[in-house]
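An overview of the molecular structure
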Amino acid sequence: MSKDKLTIIPPDKPLTGRAVPPGSKSITNRALLLAGLAKGTSRLTGALKSDDTRYMADALRAMGVIIEEPDDTSFVVTGSGKLLPPQVPLFLGNAGTATRFLTAAAALVDGTVVVDGDQHMRKRPIGPLVDALRSLGIDASTETGCPPVTVKGTGRFEASRIQIDGGLSSQYVSALLMMAAGGDKAVTIELLGEDIGALGYIDLTTAAMRAFGAKVEKTSAVTWRVEPTGYTAADFVVEPDASAATYLWAAEVLTSGKIDLGVANGAFTQPDAKAYDLIAQFPHLPAVIDGSQMQDAVPTLAVLAAFNETPVRFVGIANLRVKECDRIRAVSTGLNNIRQGLAAEEGDDLVVQSDPSLVGQRLPANIDTFADHRIAMSFALAGLKIAGITILDPDCVGKTFPAYWRTLSGLGVTYADEG
Ligand SMILES: O=C(O)C1=C[C@@H](OP(=O)(O)O)[C@@H](O)[C@H](O)C1
Ligand SMILES: C=C(OP(=O)(O)O)C(=O)O
């Protein structure tokens, strides 16, 4: 689309039609890595093609994996069973999954791997994961606690227990689990510290590992045991992205429309699918929503909450501050930009003051997306009901949902000021 900004014209009728979300980012990036670690050819279908998955695929290519893309939703991945040291640093943009997963996988490479990202990624913490690698005797370092990370591996590691604090990101745990199957002996991975948010992402990881031949078992509430099986090439179907689905579910309830996502809400295995039951309660959302198990859906729910009949407090969302941007700050800034007093940060809680009378008003506001796809996509929802909502840097949706604006137009949304 390549526009600086996009103003949404509120549709004068309910949004209707078919809009299938793209493949899951989380599952695509797990499957790409596991296929890349396997020996042989794997076929991934229903996959996401977006910035985040392109970074992962290109990084694997730089480490000797052959990846073909026969169509818009498939990857054919041929691995040798070993990742090779890349000639240059791996640049992973702001893709948290690619960055964290490849940092751990780099420990299986015989040679040096530098994992780097853009200016946003360089502010996202990775220290606990680097410390966990170091505790295994792997030469891993970061100067700032954030990327770039340098890993000088020997191609193998021997450990029977890895401890990791997943408080800041569950991706550290997923990264170590996926790496662990490439070790020399069975490994137990143990969670330290407070409960991690979105445990459902760990289930996605272990499911993907099993699909590629790994033997992994949850042995207690905080431990997993991974056998040293390595991975086997597989044909793998990626399910649609549940976080992407939240925008469509919210657009449906906000406009009293009927959107066919082509997938039943109960069919998703991703954590954000839990948001469906909340969205379905609109305009009677609960007074308190614990976002810890559906973190990426929080911006969607928060913008929806602005049109709810009663205020909503979001709790359990502290680590939204270390996502693509500080999402607690970005959402409250955007809502207050639409109408002062619409949102407040209370510690790490976000309180949204509902105001159903916003519907039908003209309240011109430039929404700063902070280069964060979820801020762009969730504030587009406000533009369905309020005239004058302009999304800055709308192309940032390319991180996970490049067809987002086209998908909304297919449902009847139009835009102005596409300058
Ligand atoms: O494992 C994953 O695929 C993800 C885990 C979550 O991140 P954190 O574990 O960093 O909270 C989520 O926000 C992210 O979009 C995807
Ligand atoms: C937090 C997100 O992404 P990641 O951590 O994978 O960059 C997201 O997609 O909302």
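Residues numbered from 1 in each chain as written. Chains lettered and ligands numbered in written order. Predicted model: local features only at pLDDT ≥ 70, side-chain atom pairs only at ≥ 80, totals over all residues. Heavy atoms only, no water.

Considered domain by domain, the protein is made up of domain 1 (5–21 + 240–416) and domain 2 (25–237). Here domain 1 meets domain 2 over a buried area of about 1,600 Å², counting both sides, of which 48% is carbon and sulfur. Contact with domain 2 buries area across many residues of domain 1, yet Pro271, Val322 and Lys399 alone supply 32% of it, more than any other trio. Along the contact surface separating domain 1 from domain 2 lie one salt bridge. (Domains from an automatic or database assignment. Buried area = accessible area lost by both parts, 1.4 Å probe. Salt bridge = Lys/Arg side-chain N within 4 Å of Asp/Glu carboxyl O.)

As a matter of local geometry, ligand 2 sits amid 14 residues, with Lys25, Gly96, Arg124, Arg374 and Lys399 nearest to it. Between an oxygen atom of ligand 2 and a side-chain N or O atom of Arg124, the distance comes to 2.7 Å. One of the side-chain nitrogen or oxygen atoms of Arg374 is found 2.5 Å away from an oxygen atom of ligand 2. Notes on ligand 2: free accessible area 290 Å², of which the protein chains cover 98%. Among the cavities detected, the one that contains ligand 2 is the largest cavity. Elements represented by at least two residues in the shell around ligand 2 include exactly helix 3 (96–105) and helix 11 (373–382). Across the shell around ligand 2, the residue classes break down as one nonpolar, five polar and eight charged. Shared between two domains, the shell around ligand 2 holds at least three residues of each, these being domain 1 (5–21 + 240–416) and domain 2 (25–237). (Near = heavy atom within 4 Å. Polar contact = N/O pair within 3.5 Å; in protein donor to acceptor, adjacent residues only side chain to side chain. Areas by Shrake-Rupley, 256 points an atom, 1.4 Å probe, with all protein chains shown as cover. 1 Å grid on protein atoms, 1.4 Å probe; cavity = no way out; pocket = protein on both sides within 12 Å on 5 of 7 lines; lining within 4 Å. Sits in = over half its atoms within 2 Å of the grid points. Helix = DSSP H or I, 4+ residues; strand = E, 2+ residues; numbered from the N terminus. Nonpolar A, V, L, I, M, F, W, Y, C, P; charged D, E, K, R; others polar.)

Applying the stated rule across the entire model yields eight aromatic pairs. Each ring, one from Tyr55 and one from Phe91, has its centre 5.7 Å from the other, and the planes form 80°; the classification is edge-to-face. You can see Tyr55 sitting in helix 2 (residues 51–62) and its partner Phe91 sitting in strand 6 (residues 90–91), a full 36 residues away along the chain. A relative accessible area of 44% means that Phe91 is categorised as partly exposed. Here a set of aromatic residues connected by ring pairs shows up, and it is made of Tyr247, Phe401, Tyr404, Trp405 and Tyr415. Above the face of the Phe75 ring, Lys49 is positioned so that its terminal group lies 4.6 Å from the ring centre. (Phe/Tyr/Trp six-rings, centres within 6.5 Å; stacked < 30°, edge-to-face > 60°. Buried < 20%, exposed > 50% of the residue type's maximum accessible area, 1.4 Å probe, protein only. Lys NZ or Arg CZ within 6 Å of the ring centre and 35° of its normal.)

This next bit is on unusual backbone geometry. The omega torsion across Pro147 and Pro148 is 5°, close enough to zero to call that bond cis. Considering the arrangement of structural elements, one finds Pro148 in the loop between strand 8 (139–142) and strand 9 (149–154). That bond from Phe282 to Pro283 is cis: its omega, 5°, falls within 30 degrees of zero. Following the sequence through the fold, Pro283 ends up in the loop between helix 8 (275–279) and strand 16 (288–290). Positive phi, close to 60°, is recorded for Ala371, a residue that is not glycine. Despite not being glycine, Asp393 has its phi angle at roughly 50°, a positive value.

Okay, the confidence of the model for the protein next. Note: predicted coordinates in regions of low pLDDT should not be interpreted at a detailed level. Confidence along the protein averages 96 in pLDDT terms, with 98% of residues attaining 70 or more. Under the prediction, the complex receives an ipTM of 0.99, its pTM being 0.98. (pLDDT = per-residue confidence, 0-100.)

So, on to the sheet that holds strand 18 (residues 343–346). Read from one edge of the open sheet, four strands run 16-17-19-18, paired in mixed fashion. The sheet is open, and its two borders are formed by strand 16 and strand 18, each paired with just one other strand. Adjacent strand axes in the sheet meet at a mean angle of 20° when their direction is disregarded. Here strand 16 runs beside strand 17 (residues 312–315); their pairing, made up of three bridges, is parallel. Note on strand 17: the bridge partner recorded for Asp290 is Val315. Strands strand 16, strand 17 and strand 19 (349–352) of the sheet are contacted by helix 9 (residues 298–305), whose axis makes an angle of about 165° with strand 17. (Pairing = 2+ DSSP bridges. Axes fitted to C-alpha atoms, helices over the stretch in contact; angles between N-to-C directions. Contact = heavy atoms within 4.5 Å.)

At their nearest, the axes of helix 1 (residues 25–37) and helix 6 (residues 200–211) sit 10 Å apart, and the two run at 35° to each other. In the crossing of helix 1 with helix 6, the sense of the turn from one axis to the other is right-handed. Note on element contacts: helix 6 touches helix 1 through Tyr201, Leu204, Thr205, Ala208 and Met209, opposite Ser26, Ile27, Arg30 and Leu34. The residue inventory of the contact of helix 1 with helix 6, partitioned by class, reads six nonpolar, two polar and one charged. (Left-handed = near helix turned anticlockwise from the far one by under 90°.)

Look at the UniProt record and you will see "binding site: 3-phosphoshikimate" (unreviewed entry) annotated at Lys25, Ser26, Arg30, Ser169, Ser170, Gln171, Asp296, Asn319 and Lys323. When the annotated set is filtered for residues lining the largest cavity, what remains is Lys25, Ser26, Arg30, Ser169, Ser170, Gln171, Asp296, Asn319 and Lys323. Here Arg30 lies in helix 1. If we skip the residues at most four places from it in the chain, Arg30 touches Phe101, Ser174, Met178, Tyr201, Leu204, Thr205 and Ala208. Not counting residues up to four positions away in its chain, the partners in contact with Asn319 are Gly167, Leu168, Ser169 and Gln295. (UniProt positions renumbered as here; feature names shortened; annotations may be inferred.)

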